[in-house]
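Spelled out from the first residue to the last, the chains are:
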2 protein chains.
Amino acid sequence: MSDVRSITLIGSTGSIGTSTCSVARESRGRIRITGLAAHRSWEKMRDQVLEFRPDHVALVDEDAARKLRESLPAGIDCEIHSGADSLRHLAALPDTDTAICAVLGAAGIPPVVSAIRAGKDVGLANKEALVAGGAFITHLAREHGVTLIPIDSEHSAIFQCLRGERTEEIHQLVVTASGGPFRQFTPDRLQTVTRAEALDHPNWEMGEKITIDSASLMNKGLEVIEAHWLFGLDYTDIRVLVHPQSIIHSMVEFRDGSVIAQLGIADMRTPIQFAISFPERWEIGYLPRLDLAQIGSLTFEEPDMDRFPCLGLAFKCGKLGDTYPTVLNAANEIAVSRFLADRITFLDIPRVIEGVLETHDSLPASSLEEILEADGWARSEATRIADRVS
Amino acid sequence: MSDVRSITLIGSTGSIGTSTCSVARESRGRIRITGLAAHRSWEKMRDQVLEFRPDHVALVDEDAARKLRESLPAGIDCEIHSGADSLRHLAALPDTDTAICAVLGAAGIPPVVSAIRAGKDVGLANKEALVAGGAFITHLAREHGVTLIPIDSEHSAIFQCLRGERTEEIHQLVVTASGGPFRQFTPDRLQTVTRAEALDHPNWEMGEKITIDSASLMNKGLEVIEAHWLFGLDYTDIRVLVHPQSIIHSMVEFRDGSVIAQLGIADMRTPIQFAISFPERWEIGYLPRLDLAQIGSLTFEEPDMDRFPCLGLAFKCGKLGDTYPTVLNAANEIAVSRFLADRITFLDIPRVIEGVLETHDSLPASSLEEILEADGWARSEATRIADRVS
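Scoring rules and cut-offs
- The residue count restarts for each chain, going from 1 along the sequence in the order it is written.
- Written order determines the labels here, with chains lettered from A and ligands numbered from 1.
- Reporting in this predicted model follows two pLDDT cut-offs: at least 70 for local features of residues, and 80 or more for side-chain atom pairs to be given and counted; totals over whole chains, interfaces and linings ignore these cut-offs and use all residues.
- Each side-chain value is worked out from all heavy atoms of the structure, with water and hydrogens disregarded.
- Strands are runs of DSSP state E lasting at least 2 residues, helices are runs of H or I lasting at least 4, and numbering of each runs from the N terminus.
- Every radius of gyration here is taken over C-alpha atoms, with the globule rule written as 2.2 Å times N^0.38, N being the number of residues.
- Exposed residues in this analysis have more than 50% of their type's maximum accessible area, buried residues have under 20%, and partly exposed residues fall in between, with area computed by a 1.4 Å probe over protein chains only.
- The copies were overlaid with a least-squares fit restricted to C-alpha atoms from residues scoring a pLDDT of at least 70 in each copy.
- We call two residues contacting when some pair of their heavy atoms lies within 4.5 Å.
- At least two DSSP bridges between two strands are needed for those strands to be called paired.
- Looking down the strands as they point away from you, a crossover is right-handed if its path from the first strand over the helix to the second goes clockwise.
- Criterion for a salt bridge: a side-chain nitrogen of Lys or Arg within 4 Å of a carboxyl oxygen of Asp or Glu.
- Whenever two N or O atoms come within 3.5 Å, that pair is a polar contact, provided that in protein one can donate a hydrogen and the other can accept it, and provided that, for residues adjacent in sequence, both atoms are side-chain atoms.
- Amino acids outside the nonpolar list (Ala, Val, Leu, Ile, Met, Phe, Trp, Tyr, Cys, Pro) and the charged list (Asp, Glu, Lys, Arg) are all regarded as polar, and Gly is one of them.
- The length a helix should cover is 1.5 Å for every residue beyond the first.
- We define a nonpolar core as any set of buried Ala, Val, Leu, Ile, Met, Phe, Trp, Tyr and Cys residues linked to one another through side-chain atoms lying within 4.5 Å.
- Here a pair means two rings of Phe, Tyr or Trp (six-membered ring of Trp) with centres within 6.5 Å. Their orientation is stacked below 30 degrees between planes, edge-to-face above 60, and tilted elsewhere.
- Lysine and arginine charges are scored as sitting over a ring when NZ or CZ, respectively, is within 6 Å of the ring centre and within 35 degrees of the ring normal.
- Fitting a line to C-alpha atoms yields each axis, with helices limited to the stretch in contact; the angle taken between N-to-C directions then spans 0 to 180 degrees.
- Every definition here rests on a 1 Å grid over the protein atoms only: cavities are sets of points where a 1.4 Å probe fits but cannot get out, pockets are open sets enclosed by protein on both sides within 12 Å along at least five of seven lines, and lining residues have some atom within 4 Å of a point.
- Grid points are joined across faces, edges and corners, and a volume is the space filled by probe spheres set on the points.

Student: Looking at this structure, how should I read the overall build of chain A?
Tutor: For chain A, the helix and strand inventory stands at 17 helices and twelve strands. The C-alpha atoms of chain A give a radius of gyration of 20 Å, which matches the 21 Å a tight globule of 390 residues would have. Projecting the C-alpha coordinates of chain A onto the three principal axes gives extents of approximately 60 × 50 × 40 Å. When the 390 residues of chain A are sorted by exposure, 62% land in the buried category.

Student: Explain the relation of the copies chain B and chain A to me, please; I cannot follow it from the model alone.
Tutor: Superposition of the two copies of the chain requires a rotation about an axis together with a shift along that axis. Mapping chain B onto chain A calls for a screw motion: a turn of 180° about the axis and a shift of 0.0 Å along it, with 0.0 Å RMSD after fitting. Taken together, the turn and the small shift mark the pair as related by a two-fold rotation axis. Closest approach to the rotation axis among the C-alpha atoms of chain B is made by Gly164 of chain B, whose C-alpha sits 2.1 Å away. In this assembly, 100% of the residues forming the interface of chain B have copies in chain A that are likewise at the interface, indicating an isologous arrangement.

Student: Honestly, the pairing of strand 6 (residues 121–124) of chain B in this entry has me stumped. Any pointers?
Tutor: A regular strand places its side chains on the two faces of the sheet in alternate fashion. Residue and element names in this part refer to chain B. Bridging between strand 5 (residues 98–101) and strand 6 involves four bridges; their strand directions are parallel. Counterpart to Ile100 in the pairing with strand 6 is Gly123. As for the winding sense of the linkage, the β-α-β connection from strand 5 through helix 5 (residues 109–117) to strand 6 is right-handed. As defined by bridge partners, strand 6 adjoins strand 7 (residues 148–150) across three bridges and the pair is classed as parallel. Bridge pairing in strand 7 links Val122 to Leu148. With respect to chirality, the unit in which strand 6 leads through helix 6 (residues 128–143) into the neighbouring parallel strand 7 is right-handed.

Student: I keep staring at the interface of chain B and chain A and nothing clicks. Help me out?
Tutor: Interfaces are often described in size by the accessible area the parts lose on coming together. Residue-level contacts link 43 residues of chain B with 43 residues of chain A. At the boundary of chain B and chain A, one finds ten salt bridges. We note a salt bridge from Arg281 of chain B to Asp256 of chain A, for which the minimum N-O separation is 3.0 Å. The interface formed by chain B and chain A contains 33 residue pairs in polar contact (both at pLDDT 80 or more). Only strand 9 (238–242), strand 10 (248–254), strand 11 (259–263), helix 12 (269–277), helix 13 (292–295) and strand 12 (297–299) of chain B provide two or more residues apiece to the side of chain B that touches chain A. The biggest single contributor to the side of chain B that touches chain A is strand 11 of chain B, with five residues. In the side of chain B that touches chain A, the residues fall into 16 nonpolar, twelve polar and 15 charged. Sheet analysis places strand 11 (residues 259–263) of chain A next to strand 11 of chain B, joined by five bridges and oriented antiparallel. Bridge pairing in strand 11 of chain B links Ala261 of chain A to Ala261 of chain B.

Student: What is the right way to read helix 11 (residues 218–231) of chain B from this model?
Tutor: Because an α-helix completes one turn every 3.6 residues, residues spaced three or four positions apart along the sequence face the same direction. Residues and elements named next belong to chain B. Here helix 11 contains 14 residues, and its C-alpha end-to-end distance of 20 Å stays within 8% of the 20 Å for a straight helix at 1.5 Å per residue. Across the 14 residues that make up helix 11, a large majority, 13, are buried. Where helix 11 terminates, the next one or two residues include Gly232, which has phi positive at roughly 65°.

Student: I tried to follow the nonpolar core on my own but got confused; where do I start?
Tutor: Most often, soluble globular proteins have nonpolar side chains that are buried together. Membership of the largest hydrophobic core comes to 248 residues, with the highest contact counts inside it found for Ile137 and Ile349 of chain A together with Ile137 and Ile349 of chain B. Excluding anything up to four places from it in sequence, Ile349 of chain A contacts Ile212, Cys310, Asn332, Ala335, Val336, Phe339 and Ile344 of chain A. One finds Leu290 and Leu292 of chain A together with Ile248 and Leu263 of chain B within the second-largest nonpolar core, a separate group that totals 26 residues.

Student: Explain the packing of aromatic side chains to me, please; I cannot follow it from the model alone.
Tutor: A ring pair, where both rings are aromatic, is described by two values, the distance of the centres and the angle of the planes. Evaluated as defined, the whole model comprises twelve aromatic pairs over all chains. Measuring from centroid to centroid gives 5.2 Å for Phe159 of chain B and Phe278 of chain B, while their planes differ by 70°, and the two rings are edge-to-face. Placement of the pair is Phe159 of chain B in helix 7 (residues 153–161) and Phe278 of chain B in the loop between helix 12 and helix 13, with a sequence separation of 119 residues. On the basis of relative accessibility, which here comes to 15%, the residue Phe159 of chain B falls in the buried class. Look at Phe182 of chain B and Phe185 of chain B: their rings are 5.0 Å apart centre to centre, the planes differ by 35°, and that puts the pair in the tilted class. On the accessibility criterion, Phe182 of chain B (1% relative accessible area) is buried. The structure contains a cluster of three or more aromatic residues connected by ring pairs, namely Phe182, Phe185, Phe339 and Phe346 of chain A. Its guanidinium or amino end placed over the ring of Trp282 of chain A, Arg30 of chain A lies 4.0 Å from that ring's centre, counting from NZ or CZ.

Student: Explanation requested: the sheet that holds strand 6 of chain B in the structure shown.
Tutor: Residues and elements named next belong to chain B. Pairing is parallel across the open sheet formed by seven strands, whose spatial order is 4-3-2-1-5-6-7. At either end of the open sheet lies a strand with only one pairing partner, and these are strand 4 (79–82) and strand 7. Put simply, the sheet's adjacent strands are angled 20° from each other on average, direction ignored. As defined by bridge partners, strand 2 (residues 31–38) adjoins strand 3 (residues 56–59) across four bridges and the pair is classed as parallel. Note on strand 3: the bridge partner recorded for Ala37 is Ala58. Across the sheet, helix 12 touches strand 1 (5–10), strand 2, strand 5, strand 6 and strand 7, and the angle it forms with strand 1 is around 130°.

Student: Explanation requested: the layout of surface pockets in the structure shown.
Tutor: Residues and elements named next belong to chain A. The computed volume of the second largest pocket comes to approximately 970 Å³. Lining the second largest pocket are 46 residues, and of these Ser15, Ile16, Leu104, Gly207 and Ile210 sit closest to its centre. Listing elements by their share of the lining of the second largest pocket, those giving two or more residues are helix 1 (15–26), helix 7 (153–161), strand 8 (170–177), helix 10 (208–216), helix 11 (218–231) and strand 10 (248–254). Considering every element that reaches the lining of the second largest pocket, the biggest residue donor is helix 10, with five residues. Along the lines of polarity and charge, the residues of the lining of the second largest pocket split into 14 nonpolar, 20 polar and twelve charged.

Student: Explanation requested: the pattern of salt bridges in the structure shown.
Tutor: Pairing between side chains of opposite charge can happen when their charged atoms approach one another. Inspection of the entire model under this criterion finds 70 salt bridges over all chains. Between Glu169 of chain A and Arg255 of chain A there is a salt bridge, with its nearest N and O atoms 3.7 Å apart. Residue Glu169 of chain A is located in the loop between helix 7 and strand 8, and its partner Arg255 of chain A is located in the loop between strand 10 and strand 11; the two are separated by 86 residues in the primary sequence. Relative accessible area serves as the criterion here: at 23%, Arg255 of chain A is assigned to the partly exposed category. Between Arg32 of chain B and Asp55 of chain B there is a salt bridge, with the nearest N and O atoms lying 2.9 Å from each other. Of this pair, Arg32 of chain B sits in strand 2 while Asp55 of chain B is found in the loop between helix 2 (42–52) and strand 3, placing the two residues 23 residues apart along the sequence.

Pasting the structure below:
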């Protein structure tokens, strides 16, 4: 493998995207960004283009693409793509080793599919590809001999714990959860939590949607579904453990009683770099090192599925299979956006999702079309229910 | 690899030996004991012979061997060896896959050498082979293409954390230490600790000598030296971390900031079985599983080398190299035996060792003869100093 890794970064202006840019910046030339893609943040994109000089850039929004084109100084040799297909196009660029897929939501699925079909290794930061389309995506990756390298800290941890190990010797996966800002709230107090309280995550700096999912434990539920597909384990062999310090990023318990864990500071640049440097590990000199003596204590407790019903809903949908996880995810996205708009309460989030699940007629979720159809249905159904609630 | 693993167990009547018998007993036929060897506990050995029906048995003590021979009922088809060479002979039995070397002290070194020369994989529970003769033993193992599989929980943990990883990507090894029963004692209180207090280890059931070494942190120091040889790391890249619950058995920190840890309950049967089943992991249904939610909290602190000077002495001797670790270990054995006989105080242990180290003229430690010579010299010197102190 060459000393320089070429990546295409799909979703470069979001939280994972900017962290990936930071990893590339600090890599002292070991990471070359071949392509950058995003939806519409053309000003941020302009800065990234000027810094990283990719060969290709994509902005889905035509107007933003035009502004980007006009704002770039003469002499920047870079092809600018736009429109709905541009993300897919960039994910499959011939000069790329790894496609980092960091577009949030269902919109992030098509570029993942495109990267796999082009035989690129995929650094996977988009949850929906596996939550909504796990069977389809993992089958496709096997078919194309592509490695899906998870970027979520929990799945990166499990991926690392499994190096040199055998899947059939796993007893269970232990996915750790910070428990979110409401971990110790009573059911009464949960009734009245605000948008601002939910956005105040104790350990991780993340986007708004995922921060709310952390507070409701839906994020952990979606991660359980992802873990099921990434590592091929039954839901009965995946356990969630609350660990408020977020130092142990997840664990694998083997049948001989040994537990292998991955630990680290809470900084997404570690799993991002790992996804790019894999199978190697590169020095990260610019991040502080984990100091357990200074941290002093790591604590653990069982998750409370009564106070946080989203976690139980995720396990339930995972076990039901087919398009149930797709619908869970889509309904959650709508409910969270309504909560962020102060239109429904925090406890309405699981209520909206349950309402949608009740009327769902599931499909096998074996093609991108079926997945997107179920996704669309769940969104309109969730909108209808959320409107009634608010 | 066949479904049944044949082992020879050198040191079968001691603490690790009886735990290994328990692992074999519970293995439902997957482990066949080809040979059993010990020093003189003929009654315990008789029970083991009757249960496991090995082809060969050795007792170093001629008198004990005679008693064993006489006590075995007719029809037990088993060759009984005796004398100084019998341990070495058993370690090299042709029908054995793995030699478990669990004889304590310098007496445990020759069987390890013999097993390696015969091309057996070695399950290594004897510390002295690596502490006193690390350069020689690891060179010999490489020469014969033999894997040294550590049985100490700390080294087994590191060995497991390194599966699928590259040595050159290690930042440091983090060897955990319970801190022993005197972890929170003041220097004054340490002056008056008794034999009984030192033998009361918080987490592990072990032999007397190693329990005292746990209390003085010399055990951890010897483990640092072992880790140096087993994993080829400089002493500056090996750190000791006090972790009173002994749940994280040790860790490896990689250069990308990721830390991989191995966790488990405090039961030696896990690392013993791993050494036998390696590279596989076998189900251990009879042991309780680790439950972190029930444990609740794991804590960490820096070791205090002022109150526990044995740890500093071990690092110092490790760095000095040659026969210094040999002498450290031998002097410690004498000092501990004197402490166990109530002849010197707990704080005299490091004083005796320091006295011996001061007058040592080191040798390269490149042959078994040099090692045993330095070992013998250190024992008589330590005896002389301990007599003066007591």
